[in-house]
Amino acid sequence: MWDFFFPSRCLACGKGERKQLGLCSCCLGQVQWQGLGGCIRCGRIGCRQGCVPPDHGYRRVLALAAYSGPWRSLVLALKNGRDLAVARQVAKQLVALAGQAGMSSPDVVTAPPGAGKVLWGRPLAAAMAGETAKLVEARLFNGLMRRPGRPAQVELDSCRRLEGLTEHLYLQNEHLVYGKAVWLVDDVFTTGGTAAACTEKLLAAGASGVWVIASAA
Ligand SMILES: [Zn+2]
Ligand SMILES: [Zn+2]
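Residues numbered from 1 in each chain as written. Chains lettered and ligands numbered in written order. Predicted model: local features only at pLDDT ≥ 70, side-chain atom pairs only at ≥ 80, totals over all residues. Heavy atoms only, no water.

Engineer: Could you clarify how one ought to interpret the environment of Tyr67 in this entry?
Structural biologist: When you line up the elements, Tyr67 lands in the loop between strand S1 (60-65) and helix H3 (69-79). Put simply, Tyr67 and Ala216 are 149 residues apart on the chain and 5.1 Å apart in space, counted from C-alpha to C-alpha. Setting aside chain neighbours within four positions, we find Tyr67 in contact with Arg72, Val75, Leu76, Val188, Ala216 and Ala217. (Helix = DSSP H or I, 4+ residues; strand = E, 2+ residues; numbered from the N terminus. Contact = heavy atoms within 4.5 Å.)

Engineer: Looking at this structure, how should I read helix H4 (residues 84-100)?
Structural biologist: In this model, H4 (17 residues) spans 25 Å end to end at C-alpha, consistent with the 24 Å of a helix rising 1.5 Å per residue. Along H4, the residues that are buried comprise Leu84, Val86, Ala87, Val90, Ala91, Leu94, Val95, Leu97 and Ala98. Against S1, H3, helix H5 (124-136), strand S6 (181-188) and strand S7 (209-216) lie the buried residues of H4. In this structure Asp83 caps H4, since a side-chain oxygen of it lies 3.1 Å from the backbone nitrogen of Ala85. (Expected span 1.5 Å × (residues − 1). Buried < 20%, exposed > 50% of the residue type's maximum accessible area, 1.4 Å probe, protein only. Polar contact = N/O pair within 3.5 Å; in protein donor to acceptor, adjacent residues only side chain to side chain.)

Engineer: Please clarify how the nonpolar core should be interpreted in this entry.
Structural biologist: Generally speaking, nonpolar side chains in soluble globular proteins are found buried as a group. Residues Leu23, Trp71, Val90, Val109, Met128 and Trp183 are the most contacted members of the largest nonpolar core, which totals 43 residues. Of all the secondary-structure elements, those providing two or more residues to this core are helix H2 (25-30), S1, H3, H4, H5, S6 and S7. By residue number, the principal contributor to this core is H4, which donates nine residues. For Trp71, the contacting residues outside a window of four places in its chain are Leu21, Leu23, Val31, Trp33, Leu64, Ala65, Ala66, Val90, Ser215 and Ala216. In terms of nonpolar packing, the next biggest core, distinct from the first, is built from 26 residues, Val52, Leu144, Val182 and Val210 among them. (Core = buried A, V, L, I, M, F, W, Y, C linked by side-chain atoms within 4.5 Å.)

Engineer: Got a minute to help me understand the sheet that holds strand S2 (residues 108-110) in this structure?
Structural biologist: Sheet strands pair via backbone hydrogen bonds, and the direction of the pair is either parallel or antiparallel. In spatial order, the strands read S1-S7-S6-S2-S3; together these five strands make up an open sheet with parallel pairing. Edge strands, defined here as strands with exactly one partner in the open sheet, are S1 and strand S3 (139-141). Here the strands of the sheet are splayed against their neighbours by 25° on average, with no regard to which way each runs. Note that S2 and S6 share three bridges and pair parallel. Opposite Thr110, over in S6, you have Leu184 as the bridge partner. (Pairing = 2+ DSSP bridges. Axes fitted to C-alpha atoms, helices over the stretch in contact; angles between N-to-C directions.)

And the structure:
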């Protein structure tokens, strides 16, 4: 609401003047960028061994920045539907990062099924996936679905979470991913449970490979 009155204010601190990606220079300076230096399994710099379940299935994770400080505030603001233009800019950064990492353009771009707040009628990850698909000229696949009644992710450890998620995920129009290289775009990569469960479904439908790109990890 507040940015209706101050559209150029930083989305993290609400005070500074926006410079890039919805952030002021002060907040930008505090962001811990991860990018190419991040672990290929979890996207994080300096992660510990065993950071994600070993059977995750995806080829690699690429994450823009650590989910902390101003970047966390920004992602939360975007999840609350604050600014679609900034979500587009974040997607653009992700595509640029994937290019630097030498990742080939995918055939298909998708996002995990959303929960909770939506951004202009779509969860943030789906909005970013849509933008990413446009940028890399790939097909947007929105057939990753979730059955209702799934227990809250936050209450489960990574193993049970994966179990619970896999049971509740299913694909619609799965022939669209058969033989395709898929980018799974997520807003926040945490335990890897969501990404692993989505990957499992995509590979079972015949996807040739799955790469995860996330705005935060
Ligand atoms: Zn700021
Ligand atoms: Zn790791």
